Amino acid sequence: MCESCDSNSAPPTNDRRRFLRLAGLGAGALLLAGALPNRIIQAAEKTSTPPKPQNAINPDEALQRLIQGNERYVSGNSKTHDFKDEREALVSGQNPFVAVLSCSDSRIAPEYAFDTARGDLFAIRVAGNFVTDEGLASIEYGVAVLGAPLILVLGHESCGAIEAGIKAVKDHTVFPGHIPKLTDALKSSVETVLKQPGDLVENATVQNVKNSVERLKKATPLLTDALSKGKLKIVGGIYRLATGKVELIA
């Protein structure tokens, strides 16, 4: 959960100040396209000790920490977290070490799956774990303002959104309400693997993660700038329901 969504109060002072500094660039600054990424990243630099100094790590360290957390979760040896002290430490702001785009499926809880504490994981969730414009904006905020050095796109087995996308493509099923917006977004991934051997749901799930990773890697200017400077890594993985293991695939 976004820390700023944890209460009805205004965003923490440090985060709000950084956000206003970004907004202060204004429309005129947008004309300076070549300088925009650098200016925004510089505006997001932290000027004081982060709430969780242990989260101020590089992308490779962040990925290793994520993997180790998942290994603890799989083995049943998750750490005991002191939620009271964590809440108090995060009143002034947040500096998560990873932003995770995952499915809304109730069986998938990224904070648990990677044995992370409050303030460690910046979560963006949507059924089907694909990149929406709003999700991309949230991820950009997590990277440019909060300083997350790692992005993980997390798919999972037996995804209902993927299965619906397959029915929409193969059987031309039309779902009620706004569900077609989900199936339309997943259509490309399904069509790419439609004739591939193997399990169609699994193949489409993997392809969807890969497509989302590629879109994020091409998201200009914030993510591409951070990637080019070695400040960011973007990876994809699949969560296995029976074991809880996350397999990196992209």
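Data block above holds the structure.
Residues numbered from 1 in each chain as written. Predicted model: local features only at pLDDT ≥ 70, side-chain atom pairs only at ≥ 80, totals over all residues. Heavy atoms only, no water.

### Observations regarding the overall build of the protein
Within the protein, the regular secondary structure consists of 11 helices and 5 strands. Counting across all 250 residues of the protein, residues that qualify as buried make up 45%. For the protein, contacts bridging at least 24 residues in sequence account for 72% of all contacts bridging at least 6. Taken as a whole, the protein presents about 12500 Å² of accessible surface, with 54% of it coming from carbon and sulfur. (Helix = DSSP H or I, 4+ residues; strand = E, 2+ residues; numbered from the N terminus. Buried < 20%, exposed > 50% of the residue type's maximum accessible area, 1.4 Å probe, protein only. Contact = heavy atoms within 4.5 Å. Areas by Shrake-Rupley, 256 points an atom, 1.4 Å probe, with all protein chains shown as cover.)

### Here's the deal with the nonpolar core
Within soluble globular proteins, side chains that are nonpolar generally end up buried alongside one another. If you look at the biggest cluster of nonpolar residues, it comprises 35 residues, and the most contacted ones within it are Leu101, Ile139, Val143, Ile151, Leu216, Leu223 and Leu232. Counting 16 residues, the second-largest nonpolar core is a separate cluster that includes Ala113, Leu150, Leu152 and Leu154. (Core = buried A, V, L, I, M, F, W, Y, C linked by side-chain atoms within 4.5 Å.)

### Structural notes on the pattern of salt bridges
Side-chain pairs of opposite charge can arise whenever the charged atoms involved come near each other. Evaluation of the coordinates by the stated rule reveals 11 salt bridges. In this structure, Arg72 engages Asp115 in a salt bridge whose closest nitrogen and oxygen atoms are separated by 2.6 Å. One end of the pair, Arg72, is in helix α4 (residues 59-75); the other, Asp115, is in the loop between α6 (110-113) and β2 (121-125), and 43 residues separate them in sequence. As a salt-bridge pair, Asp133 and Arg215 come within 3.0 Å of each other at their nearest N and O atoms. Of the two residues, Asp133 sits in helix α7 (residues 133-144) while Arg215 sits in helix α10 (residues 200-217), which places them 82 residues apart along the sequence. Among the residues examined, Asp133 registers a relative accessible area of 55% and is labelled exposed. (Salt bridge = Lys/Arg side-chain N within 4 Å of Asp/Glu carboxyl O.)

### Considerations on the packing of aromatic side chains
On inspection of all chains with the given rule, the structure shows 1 aromatic pair. Cation over ring: Arg65 sits above Phe97, and NZ or CZ is 4.1 Å from the ring centre. (Phe/Tyr/Trp six-rings, centres within 6.5 Å; stacked < 30°, edge-to-face > 60°. Lys NZ or Arg CZ within 6 Å of the ring centre and 35° of its normal.)

### Observations concerning the sheet that holds strand β3 (residues 150-156)
What the 5 strands build is an open sheet, ordered β2-β1-β3-β4-β5; its pairing is mixed. Each edge of the open sheet is held by one strand with a lone partner, namely β2 and β5 (246-248). Strand-to-strand twist of the sheet, defined as the mean angle between neighbouring strand axes without regard to direction, takes the value 30 degrees. The pairing of β3 with strand β4 (residues 233-239) spans 7 bridges and is classified as parallel. In the strand pairing of β4, His156 is matched with Tyr239. Each of β1 (98-102), β3, β4 and β5 is contacted by α4, which is oriented at about 15 degrees to β4, the strand it contacts most. (Pairing = 2+ DSSP bridges. Axes fitted to C-alpha atoms, helices over the stretch in contact; angles between N-to-C directions.)

### A short note on the packing of helix α9 (residues 179-193) against α10
Between α9 and α10, whose axes approach to 8 Å, the crossing angle comes to 125 degrees. On the basis of the axis angle, α9 is oblique to α10. For the pair α9 and α10, the sense of crossing is right-handed. Along its contact with α9, which presents Leu186, Ser188, Ser189, Val190, Thr192 and Val193, the element α10 presents Leu200, Asn203, Ala204, Gln207, Asn208 and Asn211. Residues that form the contact of α9 with α10 fall into these classes: 5 nonpolar, 7 polar and no charged. (Parallel < 35°, antiparallel > 145°, perpendicular 65-115°, else oblique. Left-handed = near helix turned anticlockwise from the far one by under 90°. Nonpolar A, V, L, I, M, F, W, Y, C, P; charged D, E, K, R; others polar.)

### Some thoughts on α7
Because each turn of an α-helix spans 3.6 residues, side chains separated by three or four positions end up pointing in the same direction. The end-to-end C-alpha distance of α7 is 16 Å, a good match for the 16 Å that 12 residues give at a rise of 1.5 Å each. For α7, the set of buried residues is Gly135, Leu136, Ile139, Glu140, Gly142, Val143 and Ala144. (Expected span 1.5 Å × (residues − 1).)

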